[in-house]
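Tertiary structure, described
Here's the letter readout for the chains.
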4 protein chains.
Amino acid sequence: MKTKIGFIGLGNLGTPIAKNLIAAGYHLQVYNRTLSKADELDQASITKCQSPAEAADGVDFLLSVLSNDAVLTDTVSGEEGILKTFPKNAIHISMSTVAPDTADALAELHQQSGSRYLASPVFGRPEAAAAKMLWVCVSGNPEIKEAAKPILESISQGVVDFGEGISNSNVVKLSGNFMIQASMEMMAEAYTMAEKFGVDRTKVAEFFGNTLFNAPIFKNYGKVIAEHKYQPVGFTTELGYKDASLVFKLSQQSKTPMPFAGVIHNRMLTAMAKGRTDSDWAEAFGRGVSDDAGI
Amino acid sequence: MKTKIGFIGLGNLGTPIAKNLIAAGYHLQVYNRTLSKADELDQASITKCQSPAEAADGVDFLLSVLSNDAVLTDTVSGEEGILKTFPKNAIHISMSTVAPDTADALAELHQQSGSRYLASPVFGRPEAAAAKMLWVCVSGNPEIKEAAKPILESISQGVVDFGEGISNSNVVKLSGNFMIQASMEMMAEAYTMAEKFGVDRTKVAEFFGNTLFNAPIFKNYGKVIAEHKYQPVGFTTELGYKDASLVFKLSQQSKTPMPFAGVIHNRMLTAMAKGRTDSDWAEAFGRGVSDDAGI
Amino acid sequence: MKTKIGFIGLGNLGTPIAKNLIAAGYHLQVYNRTLSKADELDQASITKCQSPAEAADGVDFLLSVLSNDAVLTDTVSGEEGILKTFPKNAIHISMSTVAPDTADALAELHQQSGSRYLASPVFGRPEAAAAKMLWVCVSGNPEIKEAAKPILESISQGVVDFGEGISNSNVVKLSGNFMIQASMEMMAEAYTMAEKFGVDRTKVAEFFGNTLFNAPIFKNYGKVIAEHKYQPVGFTTELGYKDASLVFKLSQQSKTPMPFAGVIHNRMLTAMAKGRTDSDWAEAFGRGVSDDAGI
Amino acid sequence: MKTKIGFIGLGNLGTPIAKNLIAAGYHLQVYNRTLSKADELDQASITKCQSPAEAADGVDFLLSVLSNDAVLTDTVSGEEGILKTFPKNAIHISMSTVAPDTADALAELHQQSGSRYLASPVFGRPEAAAAKMLWVCVSGNPEIKEAAKPILESISQGVVDFGEGISNSNVVKLSGNFMIQASMEMMAEAYTMAEKFGVDRTKVAEFFGNTLFNAPIFKNYGKVIAEHKYQPVGFTTELGYKDASLVFKLSQQSKTPMPFAGVIHNRMLTAMAKGRTDSDWAEAFGRGVSDDAGI
């Protein structure tokens, strides 16, 4: 008999994670706003639910992968939210990218109702999720982390522990997104400058991506930005702007002046102001720098 | 009988390169301002010279590895400069990090006196040079690049061609140094912010260096910055400031607004203003961000 | 028989305004968290109240001058807030510097309870308030503005109308504070640079304040910054940071990239991080720039 | 019999200054690259010259008003430069906006040839020059300043002394241009943000120009920027960019991090990159900010 766990959020990232959980032998009580998304999962291994509350009913674990703080908060504490049915001591493994104080507040709500919340945001694009190549960052109570580990290991290439502060892993996740955005800005600046000197920007991107900066971020986004190939859209400017705003807020809360974060924020804001809301976030950088340089 | 080539500049980088040339079977006519530096080379494989002109006399190739534009220019066209004796068609392989217009001007001077100049800046720290792990960037006339290739391959892990523009490779070199500096700034901002939220900054640096940003820049400087371990000094703030100024000048010449370059420039300038001229350039970033954050 | 009006907020700015209202012949129903502040007003012309609700009871107009959005919101809609007693059609003249969306929300609350809200922030330091030299910015419904005009004219040198958008005047107020902060930053940068070239920074400040920039901002803050005389504290860095954060938020809401606002924000944040929370905001700029310049 | 003085540079600013010198009773030995410009001066009061050397011949004083460092340097020390004929002890009153080190170098050259150089840059647009409303900044040797004073007073509303450092006044001049540019940027940011909130930007500009910021810079450029009325061109972006570059260089030389100077520099660079080289510099700010804000 398979172990039942709750699962909420069948977006680009959530869907491959759900598939891997099924492959690992779990039975999922699935909820998604557009429930038809669940049609592509193995029907024998899931139970479709009409609400978060239904998905949370009677399980020891529930995973959620949602798009922003408001949606996550509503999923937890809304009319038909998780907490309406979530069993005592059950653990909510929350993978969304949200602000640390949202995580802190949700952890508090779970505790009040006798259940537990684990901040466990992930790094990786949908393809990485499909290949079980995600990285999961966790933080908080050691016992909770220990209990959730087998599930997290079944969908990732590694689980990294950032200590006991409940929302530490959220801070790490946003730091990483900041570093990805900064990498795109730096490449756009460098490659555009080289181009204006008559150097082949694709060649430059390729060189750095294969030598000093031979990490996926620089290889993949380097190519995208050098060639101005922003289709298909992987991650929208709107979501990128959400992240940039959260990072700026972290800089405020922690009183850490971050001039790069300011540049990035303005870059995303300009893209939004120019109507590039639904474009890939790499375009906000790549096209933004070229625009300013008159090309 | 060994092939004789000229060699000028026995600094941190020049010395291991000279050793590799000797190992590859060349005999070096060596000049260095402080000639005693040549004592650590195999004496049977070198001839000590009293001037650049003497080192350039009668050779087909001469390599130079110098600290800045002024020194290089003087070495070429000064009283006892290379051009006083450099044979017709001989090739000057110039590895220094200099401005593109310095390279263009020097190429012109060589041509006027019948010899040839090859811009061939390198990426890599002294340890990389010792291990023949440098990357060499070349550009300019195909014939010159072809002729110099065997020598360059004997001291590096690869020679990358950036087209026929004489100083293209200088642009690439400065773009790379800009990207290294931007990487240090972004890490300093991210790790300091994480630290102020109570997250272990060393742990964060280690995580990114092993996953999304698993490239040497992020691994090595990430550790340095996370742990504030700026000893021993590898590359001084003064030299880093020189690079930042050159990048800023490139941004001006090419009319490419580069806001990150502005932030970096100010970071180096602040470090200089505070008397950290001789500290490692990583400290300018790592300590600079922490200073502003009040820690 | 004197007209009775409500008055809430006897801070540095509120007190001189209250005195001018009394001088203009009004009787004030006064509330202040520390009610003893009312002792310095003419006792025959005031009635001391124990709550905002009491101050708002039975009057046609109520003025409030409070320190931030949260305090103002609580004063309006809290347990013993204004709206508990405020008569139908009575007008709340709200002079605090708050976010436009706070003003919009409060206007909505007043309307729901049958009364009216007028955003009317002011420019001017306490001395200016005492001398009736404030400038009042108003916006919103023409009828409300017209009705409040006599009261506003009795405490200012002019009332300027910014149209019918309820919170337009709040936008103008924050734009002005942004411009004041930008003026301080520019002076600090210019005077510090001049100083480092050996030019007398006081002389420079005096020259500009008397010629091209002969406006109070540049005269007064120019002297303060040039001489590094930050005592007595007129306006704290904490309040300045509040304004800088609000401006940043406006830049986000309106999708207007404002790089100067980013610099200012970081300047205030650095001052806060270094523990200068209670210092004059001019010090955050004047000392901040000098710190970075190593002097 | 009238006193003869040399005069070089009949540009927008030089011409009204020349006219005022003539009105004050001087006879001018005039040189200008396009000599036909001299046709609009009173012919009885001038002698047209074919070179700087001819204009400098036999006079006690020579005034120059030139467009940049290179032109000024050539005018002084070129083939037919001033120094070829300039009498012993004669004083060169140099009004151009140039870098301090250019002024220092030129002062040195004059001294070597027995004459004297006075850095005396001016503030004011052509209309101000015509109305004798310029401000002159001087610095250097007290005796030289004293000797030149009557001439300077005859064309300005005041002569301000910035001490004995030869190029102090050049530093002040560039500081002032920096502050003017910063004022334009801040207005563009504030007025665009207000506009995006639905507030009338012209009304906002008018309010600040008449109240807190009632100085000419804010009144005049405030109107220009608020109304986007950049015709006729008063001062080109190209010249503005020259100034911004000089300011940046001063920030480097003096080791004073100036983040506003960085923003301004990028603003001018973007305008140049977009082909607005010959537009009014106010457009670089006004249009630049609006572009980024998508309007």
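Residues numbered from 1 in each chain as written. Chains lettered and ligands numbered in written order. Predicted model: local features only at pLDDT ≥ 70, side-chain atom pairs only at ≥ 80, totals over all residues. Heavy atoms only, no water.

1. Observations regarding the overall build of chain A
Condition: For the purposes of this entry, the term helix denotes a DSSP run of H or I that reaches at least four residues, the term strand denotes a run of E that reaches at least two, and both are numbered from the N terminus. Two things to know: the radius of gyration comes from C-alpha atoms, and the globule rule equals 2.2 Å times the number of residues to the power 0.38. Remark: exposure states derive from per-residue accessible area (1.4 Å probe, protein chains only) relative to the maximum for the residue type, with buried under 20%, exposed over 50%, and partly exposed in between. We call two residues contacting when some pair of their heavy atoms lies within 4.5 Å. Where accessible areas are quoted, they stem from the Shrake-Rupley method and a 1.4 Å probe; at the residue level, only the protein chains shown are allowed to cover. When charges are tallied, Lys and Arg are placed among the positive residues and Asp and Glu among the negative ones, while His and the ends of the chain are skipped. For charged residues, the charge sits on one atom: NZ in Lys, CZ in Arg, CG in Asp, CD in Glu.
Counting its secondary structure elements, chain A contains 12 helices and 9 strands. At 20 Å, chain A has a C-alpha radius of gyration in line with the 19 Å of a compact globule built from 295 residues. The dimensions of chain A, computed from C-alpha atoms along their principal axes, are 65 × 40 × 35 Å. Within chain A, the proportion of its 295 residues that are buried is 62%. The long-range share in chain A, meaning contacts at least 24 apart out of those at least 6 apart in sequence, stands at 67%. When the accessible surface of chain A is totalled, it reaches about 10,400 Å², and 49% of it is carbon and sulfur. Of the charged side chains in chain A, 27 are positive and 32 negative; the average position of the first set lies 4 Å away from that of the second.

2. A look at the UniProt feature "domain: 6-phosphogluconate dehydrogenase NADP-binding" (unreviewed entry) in chain A
Filter applied, for reference: UniProt positions are given in the numbering used here, feature names are shortened, and annotations may be inferred rather than shown by experiment.
In this structure's numbering, the residues bearing the UniProt feature "domain: 6-phosphogluconate dehydrogenase NADP-binding" (unreviewed entry) are residues 4–160 of chain A. Between the C-alpha atoms that bound residues 4–160 of chain A the distance is 25 Å, and the span itself is 34% helix and 24% strand.

3. Describing unusual backbone geometry
Across the junction of Gln231 of chain A and Pro232 of chain A, the peptide omega takes the value -10°, indicating a cis bond. Here Pro232 of chain A is to be found in the loop between helix H9 (216–226) and helix H10 (237–253). Even without glycine at this site, His228 of chain A takes up a positive phi of about 50°. The topology assignment puts His228 of chain A in the loop between H9 and H10. Even without being glycine, Lys132 of chain D reaches a positive phi, approximately 55°. Note that Lys132 of chain D resides in the loop between helix H5 (126–130) and strand E8 (134–138).

4. Comments concerning the relation of the copies chain D and chain A
For clarity, the threshold we go by: Least-squares fitting of one copy onto the other uses the C-alpha atoms of those residues that reach a pLDDT of at least 70 in both copies.
Structural alignment of chain D on chain A gives an RMSD of 0.1 Å, achieved by rotating through 179° and translating 0.1 Å along the axis. In the structure described here, the two chain copies are related by an operation that fits a two-fold rotation axis. Residue Asp292 of chain D of chain D places its C-alpha closer to the rotation axis than any other residue of that unit, at 4.5 Å. Looking at chain D, 100% of its interface residues are interface residues in chain A too, so the copies touch through the same face.

5. A few points about the domain arrangement of chain A
Residues and elements named next belong to chain A. Selection criterion: Domains are outlined according to an automatic or database domain assignment. Defined in terms of a 1.4 Å probe, buried area is the accessible area two parts forfeit on being brought together, summed over both. Salt bridges are defined as contacts in which a side-chain nitrogen from Lys or Arg sits within 4 Å of a carboxyl oxygen from Asp or Glu.
Parsing chain A into structural domains produces domain 1 (3–164) and domain 2 (171–292). Each partner contributes to the interface: domain 1 provides 14 residues, whereas domain 2 provides 17 residues. Taking both sides of the interface into account, the surface hidden between domain 1 and domain 2 amounts to around 1,100 Å²; carbon and sulfur atoms contribute 64%. Counting the surface domain 1 buries against domain 2, the share from its top three residues, Thr97, Phe123 and Arg125, is 45%. Counting every contact that joins domain 1 to domain 2 gives 1 salt bridge. Of the charged contacts in the structure, one is a salt bridge between Lys249 and Asp101, with a shortest N-O distance of 3.8 Å.

6. What about the interface of chain A and chain B?
For clarity, the cut-off: Polar contact criterion, stated in full: a pair of N or O atoms within 3.5 Å, where within protein one must be able to donate a hydrogen and the other to accept it, and residues adjacent in sequence count only if both atoms are side-chain atoms.
Listed per partner, the contact involves 57 residues of chain A and 57 residues of chain B. In total, about 5,000 Å² of surface goes out of reach between chain A and chain B, with carbon and sulfur atoms giving 81% of it. If you sort the residues of chain A by the area they bury against chain B, Met179, Met193 and Phe260 of chain A come out on top, with a joint share of 15%. Linking chain A with chain B are 0 salt bridges. Joining chain A to chain B, the criterion identifies 6 residue pairs in polar contact (both at pLDDT 80 or more). Among the secondary structure elements, those contributing two or more residues to the side of chain A that touches chain B are strand E8 (134–138), strand E9 (156–161), helix H7 (168–196), helix H8 (201–210), H9, H10, helix H11 (259–273) and helix H12 (281–292) of chain A. Broken down by element, the residue count for the side of chain A that touches chain B peaks at 20 residues, all from H7 of chain A.

7. What to know about the relation of the copies chain A and chain B
Taken as rigid bodies, chain A and chain B are interconverted by a rotation of 180° and an axial shift of 0.0 Å, the fit giving an RMSD of 0.1 Å. Interface overlap between copies: 100% of the residues of chain A at the interface are likewise at the interface in chain B, consistent with a symmetric, same-surface contact.

8. As for the pairing of strand E1 (residues 3–8) of chain A
Residue and element names in this part refer to chain A. In plain terms, the rule: Here, any two strands with at least 2 DSSP bridges between them count as paired. Viewed with both strands pointing away, a crossover whose connecting path from the first strand over the helix to the second turns clockwise is right-handed.
Pairing of E1 with strand E2 (residues 26–31) involves 6 bridges; the strand directions are parallel. Residue pairing across strands places Lys4 opposite His27, the latter belonging to E2. Between E1 and its parallel partner E2, the chain crosses via helix H1 (residues 14–23), and the hand of that crossover is right-handed. One ladder, built from 3 bridges, connects E1 with strand E4 (residues 61–64); its direction is parallel.

9. Here's the deal with the UniProt feature "domain: 3-hydroxyisobutyrate dehydrogenase-like NAD-binding" (unreviewed entry) in chain A
The feature "domain: 3-hydroxyisobutyrate dehydrogenase-like NAD-binding" (unreviewed entry), as given by UniProt, occupies residues 170–283 of chain A in the numbering adopted here. Here residues 170–283 of chain A is 73% helix and 0% strand, with 26 Å between the C-alpha atoms at its ends.

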